[in-house]
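Report on the structure
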Amino acid sequence: MAQTSSTNARYKMSFKKIVRAALAELRVHKKLAIITFVLYGVAMLLFIFNSEVWMSYDGEIPDLMHFYLSGWGVFFAVCGAAVSYFTVLNVFRDMNNQQICDVSMALPIKSSERFFSKLLSLVFIQILPQIVCVLGGNGIKILYGKLIFGFLPGEADDILLQLSVGFPTGTLFIMAIVMLCVCCCGAPAESSYFSIILMGIINVLPLCFITYLISNCAGMPYYFGNPEPIDYGYWGFLFLVDFYDKFVLHCVVGCVISIAVMFVSGLIYMKRDAKTVGNPIASRTFFEIVLVLGCVTVFMFFLMTDGMIWGFLVAAVAYIIINIIVCRAKINVLSFVKWGAKYLATAATFTLAIVIIIETGGFGYINLRPDAELLDGANFMIGYYDDDYHMPNEYTGNTRNLRADNLTPEQADKVMSICKKYMAEGSAKINPLLKIFRVSYNYDDYTRIQVRADSNKTYDERPFPRSQFNWNYKLDSGYCLDYRQDVSVPITDAREMAQELLKLDFVYEYVD
């Protein structure tokens, strides 16, 4: 927080003062520190005594030593990390308590020194105990296994690495978000619930956006663990869904982002005026950005359901209520008009952006496909529902199925090109508002083209697009083609596609 004293610029930042102030913060927040130490202490004991180390045997010969992490140890360690939310709120309470602010301003310490002393106190209260708990507890158990069986568990390196980067990543994220909100808000309530709102936005918005972009607009399947060209887990808690390929990279990048946000918060802290203490919102820019992102998050969440219209209503009510809560001026009709206009502008901009995404097939993602040489040996199954088409098999109903088996790269490329052409062009012909509001398509006019392609040919490295190749579980060796796409098009486009495909000698109509 800014100080007006002319002595501020006369001396350099003192590390001794920072350490002393950090220790003073530790004494002030003794209860929170003790709670944190207790939780991490229990977790450490559970890691030592509740984790399991055992040996598997190949006959009578020791084969591999295994290490199983204590689930309850992880639970208590997570609880200890969650306490960081309350710790940051209390350590930075001079941002929203006038009395504490006045005391802090009267101390012979610069605002930059105060900020770094608070960061150091958080290291003492939260980060150091966490490192001792996670690395110490599991390290002791793993060393015990080494002493008993003579070598380390096969999983030890990966587990220790994941724990040592995963816990700090989640904790630093919580601390960074709360710190930013405390520095941008001037009241305890706003600091608290804006932190929760912002954490929800950062974790929910990317996932909903990417899922809609890929699954709904491009017709590609999307699920956790299926690698996509757009990564969603570099900041927040979504790194937890990927324990293999990019877990450490996610964590390292997430920690760097969190530390950067903390230093940005420090700049805001040092520039804050004491006059803003007590006001619900100290930074209107921050407030408006969070409200817009909050509305977009609600929109995206409901866009994944059949109730987009309710998403607009829920977001509107929340938008107005939050504005009423933080408003210190007299509320009148003009206030509601102004809030309503800003909300409508947000909703209109969002709708326009979604229309563009739909019209471009997920920014062209609908056209993503493997190269021809990667389609060697592909087997295609192509189907769509047509009321006017009657299959010979009564159990198949009105579903028309085409097949092509064990194709050469050139043959498979022709099939793929025809399917992609009709799916991309046909999808663009459907009114995007029908897709946004999930209006049921009339099967007399529209249908869904479903294309499946697989091959037994394997590759040591996962080819591009990575999402269209999966591990060959039958052979338990290499990656093989596993292509899926499901796109709504006008029924006329589906029929034209079938006619063009059936002109190829190697495509035939399949009757079960």
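Provided above is the structure to which this section pertains.
**Observations concerning the pattern of salt bridges**
- Following the criterion strictly, the structure yields 13 salt bridges and no others.
- Asp493 is the partner of Lys429 in a salt bridge, and the nearest nitrogen-oxygen pair spans 3.0 Å. Of this pair, Lys429 sits in the loop between α13 (409-428) and α14 (432-436) while Asp493 sits in helix α15 (residues 491-502), and the two are 64 residues apart along the sequence.
- Among the residues examined, Lys429 registers a relative accessible area of 53% and is labelled exposed.

**Here we look at the environment of Asn431**
- You can see Asn431 is positioned in the loop between α13 and α14.
- By relative accessible area, which is 39% here, Asn431 ends up partly exposed.
- Residues Asn431 and Val355, 76 residues apart in the sequence, show an inter-C-alpha distance of 9.1 Å.
- At a separation of 2.9 Å, a polar atom in the side chain of Asn431 contacts the main-chain amide nitrogen of Leu433.

**Here we look at the nonpolar core**
- With 65 residues, the main nonpolar core has Phe92, Phe194, Phe286, Phe299, Met300, Tyr343 and Ile354 as its most contacted residues.
- A total of 13 residues in this core trace back to one element, the largest contributor, which is helix α7 (residues 156-184).
- In this structure Met300 touches Leu205, Cys208, Phe209, Tyr212, Phe350 and Ile354, once residues within four positions along its chain are discounted.
- Ile366, Phe380, Tyr459 and Ala498 belong to the second-largest nonpolar core, a separate cluster that totals 40 residues.

**Concerning the pairing of strand β5 (residues 446-459)**
- Bridge analysis of strand β3 (residues 378-385) against β5 gives five bridges, and the strand direction is antiparallel. Note on β5: the bridge partner recorded for Asn379 is Asp454.
- When β5 meets strand β7 (residues 479-490), the two strands line up antiparallel, connected through 11 bridges. Paired with Asp454 across the strands is Asp482, a residue of β7.

**As for the pairing of β3**
- Pairing of β3 with strand β4 (residues 399-407), which is carried by seven bridges, proceeds in the antiparallel orientation. Across the sheet, the residue bridging to Tyr384 is Arg400, located in β4.

**Thoughts on the sheet that holds strand β8 (residues 508-509)**
- Judged by pairing direction, the sheet is antiparallel, and its six strands sit side by side in the order β6-β7-β5-β3-β4-β8 without closing on themselves. Since the sheet does not close on itself, it has two edges, and those belong to β6 (469-471) and β8, each with one partner.
- Two strands pair when backbone bridges link them, and β6 and β7 are joined in this way by three bridges, in the antiparallel orientation. Within the sheet, the bridge partner assigned to Asn470 lies in β7 and is Cys480.

**Focus: the packing of helix α3 (residues 71-82) against helix α4 (residues 84-91)**
- Taken N-terminus to C-terminus, the directions of α3 and α4 make an angle of 20°; their axes are 5 Å apart at the nearest point. In terms of their interaxial angle, α3 and α4 are classed as roughly parallel. Facing α3, whose interface residues are Gly80, Ala81 and Ala82, α4 presents Ser84, Tyr85 and Phe86.
- When its residues are assigned to classes, the contact of α3 with α4 shows four nonpolar, two polar and no charged.

**Description of unusual backbone geometry**
- Here the residue pair Phe464 and Pro465 is connected by a cis peptide bond, since its omega of -5° sits within 30 degrees of zero.
- Mapped onto the elements, Pro465 comes out in the loop between β5 and β6.
- Its identity as a non-glycine residue notwithstanding, Phe363 has a phi of 55°, on the positive side.
- Here Phe363 lies in the loop between α12 (333-359) and β3.
- In this model, Asn406 sits at a positive phi of 45°, which is unusual for a non-glycine residue.

Conventions we followed
- Residues numbered from 1 in each chain as written.
- Predicted model: local features only at pLDDT ≥ 70, side-chain atom pairs only at ≥ 80, totals over all residues.
- Heavy atoms only, no water.
- Salt bridge = Lys/Arg side-chain N within 4 Å of Asp/Glu carboxyl O.
- Helix = DSSP H or I, 4+ residues; strand = E, 2+ residues; numbered from the N terminus.
- Buried < 20%, exposed > 50% of the residue type's maximum accessible area, 1.4 Å probe, protein only.
- Polar contact = N/O pair within 3.5 Å; in protein donor to acceptor, adjacent residues only side chain to side chain.
- Core = buried A, V, L, I, M, F, W, Y, C linked by side-chain atoms within 4.5 Å.
- Contact = heavy atoms within 4.5 Å.
- Pairing = 2+ DSSP bridges.
- Axes fitted to C-alpha atoms, helices over the stretch in contact; angles between N-to-C directions.
- Parallel < 35°, antiparallel > 145°, perpendicular 65-115°, else oblique.
- Nonpolar A, V, L, I, M, F, W, Y, C, P; charged D, E, K, R; others polar.

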